[in-house]
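Each chain, written out:
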Amino acid sequence: SRLWLEPGSVLRFYETVIARRAALGLADGEIEVLTADDTFFAARIAARDRDVILLANFGQQPHAIDLPMDATRMLSSAEQCSDGRIAPRSVVWAVV
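Residues numbered from 1 in each chain as written. Predicted model: local features only at pLDDT ≥ 70, side-chain atom pairs only at ≥ 80, totals over all residues. Heavy atoms only, no water.

### Some remarks on the overall build of the chain
Of regular secondary structure, the chain possesses one helix and seven strands. For the chain, the N- to C-terminal ordering of α and β elements is α-β-β-β-β-β-β-β. Counting only contacts in the chain whose residues sit at least 6 apart along the sequence, the fraction spanning at least 24 positions is 40%. Accessible surface, the chain as shown: approximately 6,400 Å² in total, 53% of it carbon and sulfur. (Helix = DSSP H or I, 4+ residues; strand = E, 2+ residues; numbered from the N terminus. Contact = heavy atoms within 4.5 Å. Areas by Shrake-Rupley, 256 points an atom, 1.4 Å probe, with all protein chains shown as cover.)

### Notes on the pattern of salt bridges
Applying the stated criterion to the full structure yields two salt bridges. Close ionic contact of Asp51 with Arg44 constitutes a salt bridge, the shortest N to O distance being 2.9 Å. Look at Asp51 and you get partly exposed, because its relative accessible area is 22%. Salt-bridge contacts for Asp49 lead to Arg50; the nearest nitrogen and oxygen are separated by 3.4 Å. When its relative accessible area of 60% is taken as the criterion, Asp49 is described as exposed. (Salt bridge = Lys/Arg side-chain N within 4 Å of Asp/Glu carboxyl O. Buried < 20%, exposed > 50% of the residue type's maximum accessible area, 1.4 Å probe, protein only.)

### Describing the confidence of the model for the chain
Averaged over the chain, the pLDDT score is 80; the fraction of residues at 70 or greater is 82%. The least confident element of the chain is strand 5 (residues 72–76), whose mean pLDDT is 70; the most confident is strand 1 (residues 30–36), at 92. (pLDDT = per-residue confidence, 0-100.)

### Focus on the nonpolar core
The biggest cluster of nonpolar side chains holds ten residues, and these are Phe13, Val17, Leu24, Leu26, Ile45, Ala47, Val52, Leu54, Trp93 and Val95. When contributions to this core are tallied by element, the ones reaching two or more residues are helix 1 (10–24), strand 3 (51–57) and strand 7 (90–95). Per-element tally for this core: the top contributor is helix 1, with three residues. Counting residues in hydrophobic clusters, the runner-up holds eight residues, among them Phe40, Ala42, Ile65 and Ile86. (Core = buried A, V, L, I, M, F, W, Y, C linked by side-chain atoms within 4.5 Å.)

### Notes on the environment of Arg50
Relative to the elements of secondary structure, Arg50 occurs in the loop between strand 2 (40–46) and strand 3. When its relative accessible area of 36% is taken as the criterion, Arg50 is described as partly exposed. For Arg50 and Val96, which are 46 residues apart along the polypeptide, the C-alpha to C-alpha distance reads 6.4 Å. Residue contacts for Arg50: discarding those within four places in its chain leaves Leu24, Ile45, Val95 and Val96. Only 3.4 Å separates the side chain of Arg50 from the side chain of Asp49, close enough to count as a polar contact. (Polar contact = N/O pair within 3.5 Å; in protein donor to acceptor, adjacent residues only side chain to side chain.)

Structural data, given as structure tokens:
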């Protein structure tokens, strides 16, 4: 199968996640869970020289997010909603 060649494939996304996780040193960082419930998870990971905020929406509806002003969206499994919400069933990493 050539699905791994597709730019938007799950495999391609996971390859990107693993590479960025290693480059930022996230495996060695301290994690602080900011919020967690049945439909939404947010955590801040203190990496080598910067922090990364991980947002995961497990729900069926978009979820409002409130990122710090200096945050830069680095990785997303889906397009973010235009009004600053995270799309259903998606993940966003932001560097702060």
